[in-house]
Amino acid sequence: MTALEGTLESFLEGEGSVSEPLAITVTALAFVAETLAGVISSGPLNGRLGEEVGANSDGDRQKKLDVVADELFAKALAPTPVRWYASEERPTAEILNPEGTLALAIDPLDGSSNIDVNISIGTIFSVFEAKESGLESFHRPGREQIAAGYVVYGPQTVFILATRTRLAQFVLDRGHFFLVSDSLRIPDRTTEFAINASNYRHWPRPIRAFVDDCIAGDEGPWGENFNMRWVASLVAETHRILTRGGIFLYPADARRGYGQGRLRLVYECAPIAFIVERAGGKATDGIDRILDLTPSELHQRTPLVFGTAEKVSRVRAYHDLPESEISPLFGKRGLFRV
Ligand SMILES: O=P(O)(O)OC[C@H]1O[C@](O)(COP(=O)(O)O)[C@@H](O)[C@@H]1O
Ligand SMILES: [Mg+2]
Ligand SMILES: [Mg+2]
């Protein structure tokens, strides 16, 4: 046990921490997270969790665990103050508790391509005060969230909870989530980037130029060597960046259907941005702040760049460079050279 004492329950009860409706909701989310951690850890002993069982309204293939997780969350949240439930796995927002005061958007199972290969996967959630309709409740900028969080089902099951004033990390042990940190801060100086490099040829020029300069290391304009990671689970990348810094990019690209990248604004990018900003980092679509974007569709996608503030600002700077500076033939990034 670390010097920090207490469980998620005692954190939620702590004076002034979170409102009662939010505390009840987070307790239900944690209950399902614990159940899912058990299901996931027994892997094939629970049947083929990565088996394809259909497609969601957005055209993404659904795995068995995507559907199981969505159903467990919807069931556990039904008696809580959650009025509106919006899930990656459902076409529209649905009413759970008509008397409820909250609206919850969720990616029940993030990193689905990793289910069968025993690599970290997770859950991402976002909470707003409910409005009259599902549409009004979720079609609003992410800066209006009252809480957000994620779970990583990995070597440790980790629960991250961000409220307007706090950011806390809990680890599951013997049926309880124990507080292990309440001062997470993304390190300011880091040299690790994460991007799916197989899409290099499809990226816009500013993104290619940024990655070229990371790879050029101490021979490039920034004069610093970089390391690279790609887990293909947004939760795991977020947790690594929260712990040791770095930058994550899922840009728009030229493949069909990727004109706004791959990740969804409401239940992936906005909650991750809320958490990242709470930890002193930045999250943008490459140019603009994620938390200022207003979705016009529940399953809307957006490019996502987040992590150490200075590196995220650097990506923005590449978008402002003149064409001659980012040209693959002539660009020397003379404006940046140290
Ligand atoms: O396979 P790609 O294109 O690298 O995409 C990986 C990304 O897709 C995701 O798996 C999308 O999330 P879902 O698994 O919830 O659909 C992210 O977790 C991850 O960052
Ligand atoms: Mg996801
Ligand atoms: Mg998912």
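Residues numbered from 1 in each chain as written. Chains lettered and ligands numbered in written order. Predicted model: local features only at pLDDT ≥ 70, side-chain atom pairs only at ≥ 80, totals over all residues. Heavy atoms only, no water.

Draft legend 1. Here's a closer look at the pattern of salt bridges. The full count for this structure, using the stated rule, is 26 salt bridges. Measuring nitrogen to oxygen at the nearest pair gives 2.2 Å for the salt bridge that ties Arg-205 to Glu-323. Remark: Glu-323 occurs in helix H9 (residues 323-326) and Arg-205 occurs in helix H5 (residues 205-216); sequence separation between them is 118 residues. Here Arg-240 ties to Glu-237 by a salt bridge, and the two come within 3.1 Å at their closest N and O atoms. One end of the pair, Arg-240, and the other, Glu-237, are both in helix H6 (residues 234-244), 3 residues apart, so they sit about a helical turn from each other. Comparing Arg-240 with Glu-237, the two get one shared label, buried. (Salt bridge = Lys/Arg side-chain N within 4 Å of Asp/Glu carboxyl O. Helix = DSSP H or I, 4+ residues; strand = E, 2+ residues; numbered from the N terminus. Buried < 20%, exposed > 50% of the residue type's maximum accessible area, 1.4 Å probe, protein only.)

Draft legend 2. Quick look at the domain arrangement of the chain. Under the domain assignment, the chain is made up of domain 1 (8-181) and domain 2 (192-326). In this structure, domain 1 and domain 2 have C-alpha centres spaced 24 Å apart. Contact with domain 1, which involves 48 residues of that partner, is made by 31 residues of domain 2. When the area that domain 1 buries against domain 2 is broken down by residue, the three leading residues are Ile-124, His-139 and Tyr-150, summing to 20%. Our count for the contact surface shared by domain 1 and domain 2 stands at 4 salt bridges. A salt bridge links Asp-60 to Arg-264; the shortest N-O distance between them is 2.8 Å. Going through the elements one at a time, strand S3 (82-87), strand S5 (102-110), strand S6 (121-129), strand S7 (147-153), strand S8 (157-163) and strand S9 (167-173) are the ones with two or more residues in the side of domain 1 that touches domain 2. Within the side of domain 1 that touches domain 2, the residues separate by chemical class into 21 nonpolar, 17 polar and 10 charged. (Domains from an automatic or database assignment. Contact = heavy atoms within 4.5 Å. Buried area = accessible area lost by both parts, 1.4 Å probe. Nonpolar A, V, L, I, M, F, W, Y, C, P; charged D, E, K, R; others polar.)

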